[in-house]
Amino acid sequence: MTTDLLGRYRTMLRIRRFEERCAELYSAERIRGFVHLYIGEEAVAVGVIDHLREDDAIVATYREHGHALARGIPMDAVMAEMFGRVEGVSGGRGGSMHLFHAATRFYGGNAIVGGGLPMAVGLALADRMRDRDRVTACFFGEGAMAEGEFHESINLAALWGLPVLFVCENNLYAMGTALARSESETNLPLKAAAYEVPAWSCDGMDVEAVSDAAERAIALVRDSGGPVFLEARTFRFRAHSMYDPDRYRDKSEIDQWKTRDPLLVAAAALRERRIDDAALAAVDHEVMAEVDAAVSAAEAGTLEDPSDVGRFVVSARSRE
Ligand SMILES: Cc1ncc(C[n+]2csc(CCOP(=O)(O)OP(=O)(O)O)c2C)c(N)n1
């Protein structure tokens, strides 16, 4: 847990530099498969995950590199996964969308929109049945709130009083579909409140605002034992995925949000606290060295022998 703003700035910068490098490596065809970047949204994962305890759980989406790094999964293991190497966090079999790390109770990484929500409710149910004082933080986009899984999951969590923090990362677009074009009600906390779940919003571009809101939300989950819903209003600066030509948003809208880049917002607050530019540059230097080392290690990593392709695959025959 990094309680100071400089620590949070550092984690956000680790996510940013990691992903910028991933984008370059993807364009160079050294990373393959699907890649969804979190650039612009870093304050959300960092502000929330900071307040989780080691034995709390996290469920995220396919846009989960930031959550994995904020959780403390080593960057080497995340980068190796991007390269499909055995040393990767999921043994090279998951790739960008399926980061999984049982040791830190990081339950993915899920390619299905809304797919993580019932899993989070199940994890919280298991904790409740075993009388364990744990919280499950579930991250999802506003697009997932149009899915039945959102409504089924939040309803059961409320009905059964399960300790889930539902974190909606509202970046306003679900692929090319703007929220206001697909939902008659765009007040997202209102939807959660319809299930009697305490719900509020925060500025997802300001890590301190997210942190304050998350601290309050997680404390309420622990005290009440029931779910809480937090909307973080944010924006992705890059396209939906590396395949997306991003033709549905005006450049002016993106530029406007970039003036509130979470790294700029945090840097400004740090300067007010007399952290000078040289100190921030030193952090960047260290982070770049960490990314360089992770890429070198990943490139030198092991590709699984093709004859192992059936390992971990349960077939009808192997069960006989
Ligand atoms: C059940 C399902 N439907 C559709 C898709 C295709 N799809 C992938 S991402 C996405 C948009 C989701 O947007 P949102 O939930 O807001 O998350 P964001 O990508 O903005 O982080 C869609 C429709 C999918 N993966 N799963």
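How each quantity is defined
- Residues numbered from 1 in each chain as written.
- Predicted model: local features only at pLDDT ≥ 70, side-chain atom pairs only at ≥ 80, totals over all residues.
- Heavy atoms only, no water.
- Core = buried A, V, L, I, M, F, W, Y, C linked by side-chain atoms within 4.5 Å.
- Buried < 20%, exposed > 50% of the residue type's maximum accessible area, 1.4 Å probe, protein only.
- Helix = DSSP H or I, 4+ residues; strand = E, 2+ residues; numbered from the N terminus.
- Contact = heavy atoms within 4.5 Å.
- Near = heavy atom within 4 Å.
- Polar contact = N/O pair within 3.5 Å; in protein donor to acceptor, adjacent residues only side chain to side chain.
- Areas by Shrake-Rupley, 256 points an atom, 1.4 Å probe, with all protein chains shown as cover.
- Nonpolar A, V, L, I, M, F, W, Y, C, P; charged D, E, K, R; others polar.
- Pairing = 2+ DSSP bridges.

J.: Provide a residue-level description of the nonpolar core, including the pertinent values.
T.: Counting residues in hydrophobic clusters, the biggest one holds 72 residues, and the most contacted among them are Tyr9, Met79, Phe139 and Leu165. When residues in this core are grouped by element, the largest group, 10 residues, is from helix 1 (residues 5-27). Apart from residues lying up to four places away in sequence, Leu165 is in contact with Val48, Val135, Thr136, Ala137, Cys138, Ala217, Ile218, Val221, Val228 and Leu230. Counting residues in hydrophobic clusters, the runner-up holds 23 residues, among them Phe140, Leu162, Cys168 and Val197.

J.: Could you give an account of the environment of Ala297, with specific residues and numbers?
T.: Following the sequence through the fold, Ala297 ends up in helix 12 (residues 277-299). By relative accessible area, Ala297 is classed as partly exposed at 41%. Expressed as a C-alpha distance, the spacing of Ala297 and Ala80, which sit 217 residues apart in the sequence, is 7.4 Å.

J.: Explain the site of the ligand residue by residue, including any values.
T.: If you check the shell around the ligand, you find 14 residues, and the closest are Tyr62, Arg63, Ala111, Gly143 and Asn171. Between Ala111 and the ligand, the recorded distance is 3.0 Å, taken from a backbone N or O atom to a nitrogen atom. At 3.0 Å, a backbone N or O of Tyr173 approaches an oxygen atom of the ligand. Contact with the protein chains covers 73% of the free accessible surface of the ligand, which is 590 Å². Partitioning the shell around the ligand into residue classes produces 8 nonpolar, 4 polar and 2 charged.

J.: Break down the pairing of strand 2 (residues 136-141) for me, with residues and values.
T.: The buried fraction of strand 2 amounts to 5 of the 6 residues, a majority that puts the element mostly inside the structure. Of the pairings in the sheet, the one linking strand 1 (residues 57-59) to strand 2 comprises 3 bridges and is parallel in character. Within strand 2, the residue paired with Ala57 across the bridge is Thr136. Pairing of strand 2 with strand 3 (residues 164-170), which is carried by 6 bridges, proceeds in the parallel orientation. Note on strand 3: the bridge partner recorded for Ala137 is Leu165.

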